[in-house]
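Working through the structure, step by step
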Amino acid sequence: MEGRETATAGQRKAAAYIESQFKQLGLLPGNNGSYQLYYNVYQDSLISTALEVNGQAFQLGKDFTINANDIPATMRFSEVVLAGQNATDSLKNANLAGKLVLLTGNISLGRNSKGTALLSMLQSKGAAGVLLVNNNYLRSFANRRQQTINLFKKSIAPQLFFVSEAVARSIIGNDYDNATSGTTAIKTYTADVLLDVKKTTKTLQSSDVIGLLPGTDLKDQYLVISAHYDHLGKRGDSVIYYGADDDGSGTVSVLEMAKAFAKAKAAGKGPRRSIVFLANSGEEEGLWGSEYYTGHPTFPLDKTTADLNIDMIGRIDASRKQGDSTNYVYVVGDDKVSSDLHMISEAENKKYTKLELDYKFNDPNDMQRIYYRSDHYNFAKNGVPIIFYYDGMLGADYHKPTDTPDKINYNLLAKRAQLVFYTAWNMANRNDMLKRDIPLTDGTASR
Ligand SMILES: [Zn+2]
């Protein structure tokens, strides 16, 4: 399936395969007569870009590069507002509406960084463009493919160009030397600056695959069992990102559970609630498939008792030192949204699978923030109780072409899937939907 990258032929082949399996098992189409829930993926490709100062053209990749998120636009400024890295307070008090701001001091960007905070402050002040002097970014961004499922934004960020010292000097001359040594003042310079970005946007499509097993007396209530079937695709024709564990292991578990529940139904022991088997795409790009499903649910979320989500359950975490490495699973999120989750999960495991349930990733101080990193989070955000099942495989094979099927521990994979199955059986058949008694926080406050 060519690594199943979202909005490629490989992903569509994988979707067709999952659909054929759902059909064969007798599941009903989960989206108004279709097994697939399509959503648009918008893909930008850069046509050309330019940066000129007073008529002098600079070279892409040597003196500047653009941010992958830049919008196609031609902007001409006759003034530039200079700010050094300690000028945050001066910028707060300045009028920056529609201005081009030059930031010196090699400010770096990243999650929770000073640079990112500074940029969002400039956006809230209405700056139209930002030139950020930082050599580290010059080669990194220019040709990166940019995709999104949200073509329309709440607000447009300032056009961001990463530039070399030479560009800065062409605007502010030798003041550059003072600007880099931590001045707190801001200063306006006269210069004609052209920023040009030309892009085309292609509209592609991707899909989630949904199969429904109708319930009996509680069929208007639902249980979702989910996993993402997309992965990172291929590079050229020789390098394939197989994603056997991530998340082939979860996808085949969903198929096997569908098979088991369908068999039970055929034997007159079908679930009371309807079960929604959901194979998401777009997970690797930013949880797109589950974002789309929870934004356009084909079955009401307030009637969805829970989402049991699986992302990687076929491998052994080499860094887990305590306990039996061939008999564990990380259980994530059963302490949030609903106090019923933990009790049911523990009871089913005690009765049947007898795995070591490891709650390491429930620690709010855990740096991996696993709770926020797979498709279940979009359900939790919308109030649906979730449990996430995970093997902790973040070693050398994670998101590498070496995540291959020969490295899967199939006995352990089966056992973990059986725990999800027993838990699902309980949730689909108990008298009451899970209560929603624990408000979800975003987890950042505690860190
Ligand atoms: Zn994954």
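Counting from 1, residues in each chain are numbered in the order their sequence is written. Local features in this predicted model are restricted to residues of pLDDT 70 or higher, and side-chain atom pairs are both shown and tallied only at a pLDDT of 80 or more, whereas totals for entire chains, interfaces and linings draw on every residue. No hydrogens and no water enter the side-chain calculation; it runs on all heavy atoms of the structure.

**Details of the overall build of the chain**
Helix numbers and strand numbers start at the N terminus; a helix is a DSSP run of H or I with at least 4 residues, a strand a run of E with at least 2. When helices and strands are tallied, the chain shows 11 helices and 18 strands. Its C-alpha atoms give the chain principal-axis dimensions of roughly 80 × 40 × 40 Å. Here the term buried applies to any residue with accessible area under 20% of the maximum for its type, exposed to any over 50%, and partly exposed to those in between, with areas from a 1.4 Å probe on protein chains only. For the chain, the proportion of its 447 residues judged to be buried stands at 53%. Whether two residues are in contact is decided by their heavy atoms, any of which lying within 4.5 Å being enough. Of all intrachain contacts in the chain linking residues separated by at least 6 positions in sequence, the fraction that spans at least 24 positions is 84%. The Shrake-Rupley method, run with a 1.4 Å probe sphere, supplies the accessible areas, and residue values consider only the shown protein chains as cover. For the chain, the accessible area works out to roughly 19700 Å², and carbon and sulfur atoms hold 50% of it. Under the counting rule used here, the positive set is Lys and Arg, the negative set is Asp and Glu, and His together with the chain ends is not counted. Lys charges are placed at NZ, Arg charges at CZ, Asp charges at CG and Glu charges at CD. Taken as two groups, the 50 positive and 49 negative side-chain charges of the chain have centres that lie 2 Å from each other.

**A closer look at the coordination of the zinc ion**
Donor atoms from the polypeptide that coordinate the zinc ion comprise His-228 (NE2), Asp-246 (OD), Asp-311 (OD) and Asp-311 (OD), at 2.0 to 2.4 Å from the metal. Taken together, the 4 donor atoms coordinating the zinc ion span angles of 56 to 148° at the metal, a pattern that classifies the geometry as irregular. The exposure class assigned to His-228 is buried, which follows from its relative accessible area of 0%. We classify Asp-311 as buried; its relative accessible area is 5%. Here a donor is an N, O or S atom found within 2.8 Å of the metal, or within 3.2 Å if the metal is Na, K or Ca; sites may look incomplete because water is not among the atoms. Under this scheme a four-donor centre is tetrahedral when all angles range from 85 to 135 degrees, a four-donor centre is square planar and a six-donor centre octahedral when opposite donors are above 155 degrees with the rest from 65 to 115, and any other centre is irregular.

**A short note on helix α11 (residues 410–429)**
A helix is expected to span 1.5 Å for every residue after the first. Given a rise of 1.5 Å per residue, 20 residues ought to cover 28 Å, and the 28 Å separating the end C-alpha atoms of α11 matches this to within 8%. Structurally, the start of α11 carries an N-cap: the backbone nitrogen of Asn-411 is 3.4 Å from a side-chain oxygen of Asn-409. Each polar contact in these results corresponds to two N or O atoms within 3.5 Å; when the atoms are within protein, one needs to be able to donate a hydrogen and the other to accept it, and residues that are neighboring in sequence are counted only if both atoms are side-chain atoms.

**What about the domain arrangement of the chain?**
Domain ranges listed in this record stem from an automatic or a database domain assignment. With domains assigned, the chain is organised as domain 1 (9–30 + 214–429) and domain 2 (45–200). One C-alpha centre belongs to domain 1, the other to domain 2, and the line joining them spans 42 Å. Contacts between the two partners involve 4 residues from domain 1 and, on the opposite side, 5 residues from domain 2. Using a 1.4 Å probe, buried area is obtained as the accessible area two parts lose upon being combined, added over both of them. Across the domain 1/domain 2 interface, buried area totals approximately 400 Å², and carbon plus sulfur atoms make up 55% of it. The largest share of the area that domain 1 buries against domain 2 comes from Trp-288, Glu-291 and Arg-369, three residues that together contribute 83% of it. Run the count over domain 1 and domain 2 and you get 1 residue pair in polar contact (both at pLDDT 80 or more). Put simply, Ala, Val, Leu, Ile, Met, Phe, Trp, Tyr, Cys and Pro go in the nonpolar bin, Asp, Glu, Lys and Arg in the charged bin, and everything else, Gly too, in the polar bin. Residues belonging to the side of domain 1 that touches domain 2 are distributed by class as follows: 1 nonpolar, no polar and 3 charged.

**With respect to the environment of Arg-430**
Counting through the fold element by element, Arg-430 comes out in the segment after α11. The sequence separation of Arg-430 and Arg-272 amounts to 158 residues, and the corresponding C-alpha distance is 8.1 Å. Every residue in contact with Arg-430, bar those within four places of it in the chain, is listed here: Leu-218, Arg-272, Arg-273, Asp-340, Met-343 and Ile-344.

**So, the packing of helix α6 (residues 244–266) against α11**
Helix axes use the C-alpha atoms of the stretch in contact, all axes being lines fitted to C-alpha atoms, and the angles between their N-to-C directions lie in the range 0 to 180 degrees. Contact geometry for α6 and α11: axes closest at 10 Å, N-to-C directions at 50°. For the element pair α6 / α11, the angle class is oblique. Considering the relative orientation of α6 and α11, their crossing is right-handed. For the pair α6 and α11, contact is made by Ser-249, Val-252, Ser-253, Met-257, Ala-260, Phe-261 and Ala-264 and by Leu-413, Ala-417, Val-420, Phe-421, Ala-424 and Trp-425, respectively. Small angles under 35 degrees read as roughly parallel and large ones over 145 as roughly antiparallel, with 65 to 115 read as roughly perpendicular and the rest as oblique. By convention, the crossing between two helices is left-handed when the near helix turns anticlockwise from the far helix through less than a right angle, and right-handed when the turn is clockwise.

**Quick look at helix α3 (residues 114–124)**
Listing the buried residues of α3 in full gives Gly-115, Leu-118, Leu-119, Met-121 and Leu-122. Looking straight down α3, one finds its buried side chains confined to an arc of 160°; they lie on one side. Tucked into the core, α3 has its buried residues touching α2 (88–93), β6 (100–103), β7 (129–133) and β9 (159–163). Each direction from the helix axis to a C-beta atom contributes to the arc, which is the arc of those directions.

**Topic: the nonpolar core**
For soluble globular proteins, the rule of thumb is that nonpolar side chains tend to be buried together. We call a set of buried Ala, Val, Leu, Ile, Met, Phe, Trp, Tyr and Cys residues a nonpolar core when their side-chain atoms join them within 4.5 Å. Membership of the largest hydrophobic core comes to 45 residues, with the highest contact counts inside it found for Ile-225, Phe-277, Tyr-389 and Met-427. The leading source of residues in this core is α11, at 9 residues. Beyond its immediate chain neighbours, meaning those up to four positions away, Tyr-389 contacts Leu-308, Asn-309, Ile-310, Asp-311, Met-312, Ile-313, Val-329, Tyr-330, Leu-419, Val-420 and Thr-423.

**Side note on the environment of Gly-115**
On the secondary structure map, Gly-115 appears in helix α3. On a C-alpha basis, the gap between Gly-115 and Gln-85 in space is 8.7 Å, while along the polypeptide they are 30 residues apart. Once you skip the residues sitting within four places of it in the chain, Gly-115 turns out to touch Ile-107, Ser-108 and Leu-109.

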